[in-house]
Amino acid sequence: MSSDNGRTSLYTKFYIPFQIIGLTLIFYVYHWIVQYRGGFSITDPKIIFNWHPLLMTIAFIYLFANSILHYRTFQNNTKRKLKNQHALIHGCILILIVVAGFAAFVSHQYAKPQIPHLYSLHSWLGVVTIVMFLSQLFSGFWCFLYPGSAERHREALAPYHVFFGISIFVLAVATAVLGFCEKIIFCLDKQYKLLPAEGVLGNILGILCVFYCLLVVYMITKPEFKRRPKLEYETLLK
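Since we're looking at a predicted model, the values are computed, not measured.

Criteria and cut-off values
- Residues numbered from 1 in each chain as written.
- Predicted model: local features only at pLDDT ≥ 70, side-chain atom pairs only at ≥ 80, totals over all residues.
- Heavy atoms only, no water.
- Helix = DSSP H or I, 4+ residues; strand = E, 2+ residues; numbered from the N terminus.
- Contact = heavy atoms within 4.5 Å.
- Areas by Shrake-Rupley, 256 points an atom, 1.4 Å probe, with all protein chains shown as cover.
- Lys, Arg positive; Asp, Glu negative; His and termini not counted.
- Charge placed at Lys NZ, Arg CZ, Asp CG, Glu CD.
- Buried < 20%, exposed > 50% of the residue type's maximum accessible area, 1.4 Å probe, protein only.
- Polar contact = N/O pair within 3.5 Å; in protein donor to acceptor, adjacent residues only side chain to side chain.
- Phe/Tyr/Trp six-rings, centres within 6.5 Å; stacked < 30°, edge-to-face > 60°.
- Lys NZ or Arg CZ within 6 Å of the ring centre and 35° of its normal.
- Expected span 1.5 Å × (residues − 1).
- Bend = angle between axes of the 7 residues up to and from the residue.
- Core = buried A, V, L, I, M, F, W, Y, C linked by side-chain atoms within 4.5 Å.
- Axes fitted to C-alpha atoms, helices over the stretch in contact; angles between N-to-C directions.
- Parallel < 35°, antiparallel > 145°, perpendicular 65-115°, else oblique.
- Nonpolar A, V, L, I, M, F, W, Y, C, P; charged D, E, K, R; others polar.

Caption draft 1: Main features of the overall build of the protein. Within the protein, the regular secondary structure consists of eight helices and zero strands. Written out in order from the N terminus, the α and β elements of the protein read α-α-α-α-α-α-α-α. With the C-alpha coordinates aligned to their principal axes, the bounding extent of the protein is approximately 60 × 40 × 25 Å. Counted over contacts in the protein with a minimum sequence separation of 6, partners at least 24 positions apart contribute 75%. Total accessible area computed for the protein in this model is approximately 13,500 Å², and 70% of it derives from carbon and sulfur atoms. With 21 positive and 10 negative side-chain charges, the protein shows a spacing of 1 Å between the two charge centroids.

Caption draft 2: Layout of the side chain of Gln136. Positionally, Gln136 belongs in helix H6 (residues 121-145). Under the relative-accessibility criterion, Gln136 is labelled buried at 9%. For Gln136, the side chain forms a polar contact with the main-chain oxygen of His161, separated by 2.6 Å. Ignoring sequence-local partners within four residues, the contact set of Gln136 consists of His161, Phe164, Gly165 and Ile168.

Caption draft 3: Just the environment of Tyr30, in detail. For Tyr30, the position within the fold is in helix H1 (residues 2-36). Along the backbone, Tyr30 and Asn84 are 54 residues apart, and their C-alpha atoms lie at a distance of 30 Å. The residues contacting Tyr30, other than those within four sequence positions of it, are Phe40 and Leu54.

Caption draft 4: Examining the packing of aromatic side chains more closely. This structure, assessed with the given rule, holds 15 aromatic pairs. Note on Phe40 and Trp51: the rings are 4.7 Å apart at their centroids and 45 degrees apart in plane angle, and the pair reads as tilted. Of this pair, Phe40 sits in the loop between H1 and helix H2 (45-48) while Trp51 sits in helix H3 (residues 51-68), and the two are eleven residues apart along the sequence. Exposure remark for Phe40: the relative accessible area of 24% places this residue in the partly exposed category. Pairwise contacts between aromatic rings join Tyr11, Phe14, Tyr15, Phe18, Phe169, Tyr212, Tyr218 and Phe225 into one cluster. The cationic tip of Lys222 hangs over the ring face of Phe225; the distance from NZ or CZ to the ring centre is 5.7 Å.

Caption draft 5: Expanded view of H3. Over its 18 residues, H3 extends 24 Å from the first C-alpha to the last, a length consistent with the 26 Å expected when each residue adds 1.5 Å. At Ile58, H3 is deflected by roughly 25 degrees, the largest bend along its length.

Caption draft 6: Spotlight on the nonpolar core. Among the nonpolar cores identified, the biggest contains 45 residues, and Phe60, Ile93 and Phe169 are the most heavily contacted of them. Listing elements by their share of this core, those giving two or more residues are H1, H3, helix H5 (79-110), H6, helix H7 (151-188) and helix H8 (197-221). Apart from residues lying up to four places away in sequence, Phe60 is in contact with Ile93, Ile97, Thr129, Ile130, Phe133, Ile168, Phe169 and Ala172.

Caption draft 7: Representation of the environment of Tyr212 within the structure. For Tyr212, the location among the structural elements is in helix H8. A residue is classified by how much of its surface remains accessible, and Tyr212, at 0% relative accessible area, is buried. Each C-alpha atom of the pair Tyr212 and Tyr62 lies 9.1 Å from the other, and the pair is 150 residues apart in sequence.

Caption draft 8: Fine view of the packing of H3 against H8. It is at 10 Å that the axes of H3 and H8 come closest, and there the two elements cross at 10 degrees. As summarised for this structure, H3 and H8 are arranged roughly parallel, according to the angle between their axes. Here Ile61, Tyr62, Ala65, Asn66 and Ile68 of H3 lie close against H8, whose contacting residues are Cys209, Tyr212, Val216 and Ile220. Here the residues of the contact of H3 with H8 are counted per class, giving eight nonpolar, one polar and no charged.

Caption draft 9: How the structure looks around the environment of His31. By the element assignment, His31 lies in helix H1. Classification of His31 as partly exposed rests on a relative accessible area of 30%. Taking the C-alpha atoms as reference points, His31 and Leu54, separated by 23 residues in sequence, lie 10.0 Å from one another. Residue contacts for His31: discarding those within four places in its chain leaves Tyr36 and Leu201.

Have a look at this one:
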């Protein structure tokens, strides 16, 4: 019992800065857009794009990080409840990335002059990340939530599900860092080398993403934080 309490206390010491950094990242993305990029709109093509970085940050960085740590954060819940909650978070992520992707395509389509679609490394990595996420989502639903799925399929897929979950998160962070850099350079052009306030903020966003990524990967791979089954019959609920 004391061992479990010690593990929970140690996890909490990492979980609190994890949440603080994640929410700080969202706040600074919002501040950057409002302060320097003209805010948000659903009608003005010039700034409709601004929904893209904010929603992608919320979905692919903050919510996705919380989803892959969900089993470690709420260890007292039953396995079935955790699975349903995990799937619900991923459903929210799916909705946000659809809206964020739509905002990017609409803004490029109606910009004057028109901006080509999917021309940058950021966008290519974004497509790869989304395809991997969708594959993970549907394979996870089939193996872990679909009632007719065989137990042997779940056991075989579980290690790959964890590996690809971490890989998708790392790839999402890398894509976000490239996206922030691309947008800042594109907007500031030659002023970027003078390190104006917006350039500093853009660099801070990238650094926050990297630290957040390192913290999440550490928490998800640390054996002591792994969830331990609480009920003997949980194997029947997998």
